[in-house]
Amino acid sequence: MSKVGIVMGSDSDMPVMEKAAEVLDELGIDYEMRIISAHREPDIFYDYAKSAEEAGIKVIIAGAGKAAHLPGMCAAIFPMPVIGIPMKTSDLGGVDSLYSIVQMPSGVPVATVAIGGGTNAGILAAKILATGDEDLLERLKAYIEEQKEQVMAKDAKLQKTGWKDYQ
């Protein structure tokens, strides 16, 4: 049973949404990934959002660009957390998407990550799920420690080689 639903309005969003999936894979979290357009197939979108809870989804990660209605519409229908990922756009660089997602009306919150922030969306979904799952919490702590160690290793290399020879 999938615990996270990853939805996007277009396959052009896949490179960003894959980053969320990679984090979930690394942490051993089940998910499903769908391409669903709130504008082009509203009936299919509505059925997905309405049935997600019954299907075992605990968090939805929704990526969208431009008008970016997908995350907000998920939050309007799905009773549990929704994380919005604004997509970078050619017109306004993603600021249009960011504003559309972050400016939800009172009562319909969407947690919003940075433009193109697929990795952080995956981590945030894991943190939400970890509040009720001790095993996941331990895996998440190990993931965070691994990130720390990677940065420390890079710094040690820089200290050893200097910035001119750092590669």
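Before any of the text, the structure's been laid out above.
Definitions and limits used
Residues numbered from 1 in each chain as written. Predicted model: local features only at pLDDT ≥ 70, side-chain atom pairs only at ≥ 80, totals over all residues. Heavy atoms only, no water. Helix = DSSP H or I, 4+ residues; strand = E, 2+ residues; numbered from the N terminus. Buried < 20%, exposed > 50% of the residue type's maximum accessible area, 1.4 Å probe, protein only. Contact = heavy atoms within 4.5 Å. Areas by Shrake-Rupley, 256 points an atom, 1.4 Å probe, with all protein chains shown as cover. Lys, Arg positive; Asp, Glu negative; His and termini not counted. Charge placed at Lys NZ, Arg CZ, Asp CG, Glu CD. Pairing = 2+ DSSP bridges. Axes fitted to C-alpha atoms, helices over the stretch in contact; angles between N-to-C directions. Core = buried A, V, L, I, M, F, W, Y, C linked by side-chain atoms within 4.5 Å. Patch = residues over 30% accessible without salt bridge, like charges linked within 9 Å, V, L, I, M, F, W, Y side chains within 5 Å. Salt bridge = Lys/Arg side-chain N within 4 Å of Asp/Glu carboxyl O. Right-handed = clockwise from strand over helix to strand, strands pointing away.

Draft legend 1. Up close: the overall build of the protein. Secondary structure assignment for the protein yields 6 helices and 5 strands. Principal-axis analysis of the C-alpha atoms gives the protein an extent of 60 × 40 × 30 Å. The buried share of the protein, reckoned over its 167 residues, is 38%. Here the analysis covers contacts within the protein between residues at least 6 apart in sequence; of these, 65% occur between residues at least 24 apart. Summing over all exposed atoms, the protein offers an accessible surface of approximately 9500 Å²; the carbon and sulfur share of this is 53%. Averaging the positions of the 16 positive and the 24 negative side-chain charges in the protein gives two centres separated by 7 Å.

Draft legend 2. Fine view of the sheet that holds strand β1 (residues 4–8). Read across the sheet, 5 strands follow the order β2-β1-β3-β4-β5 without closing on themselves; strand pairing throughout is parallel. Either end of the sheet is taken by a strand with one partner, and the two such strands are β2 (31–35) and β5 (111–112). Strands in contact with helix α1 (residues 14–26) are β1, β2, β3 (59–64) and β4 (82–86); relative to β1, the strand with the most contacts, it is inclined by about 170°.

Draft legend 3. Examining the nonpolar core more closely. Within the largest apolar cluster, 26 residues are counted, with the highest numbers of intra-cluster contacts made by V4, I6, M17, L27, I29, I61 and I85. Listing elements by their share of this core, those giving two or more residues are β1, α1, β3, β4, α5 (118–130) and α6 (134–161). The residues contacting I61, other than those within four sequence positions of it, are V4, G5, I6, V7, M17, A20, I83, I85, A121, G122 and A125. A64, A68, C74 and A75 belong to the second-largest nonpolar core, a separate cluster that totals 20 residues.

Draft legend 4. Molecular detail of a nonpolar patch on the surface. A contiguous nonpolar patch, built from L92, V95, Y99, V102 and I115 and spanning about 450 Å² of accessible area, is present on the exposed surface. Inspection of the secondary structure assignment puts V102 in helix α4 (residues 95–102). V102 sits in the partly exposed class, given a relative accessible area of 42%.

Draft legend 5. Here's a closer look at the pairing of β1. With 5 of 5 residues buried, β1 lies mostly within the body of the structure. Along β1, one buried face is formed by V4, I6 and M8 and the opposite face, lined by G5 and V7, is buried too. Where β1 lies against β2, 5 bridges are found, and the strand directions are parallel. When the sheet's bridge partners are listed, V4 is paired in β2 with Y31. Between β1 and its parallel partner β2, the chain crosses via α1, and the hand of that crossover is right-handed. Here 5 bridges tie β1 to β3, and the two strands are oriented parallel to one another. Bridging from a neighbouring strand, V4 pairs with V59 of β3.

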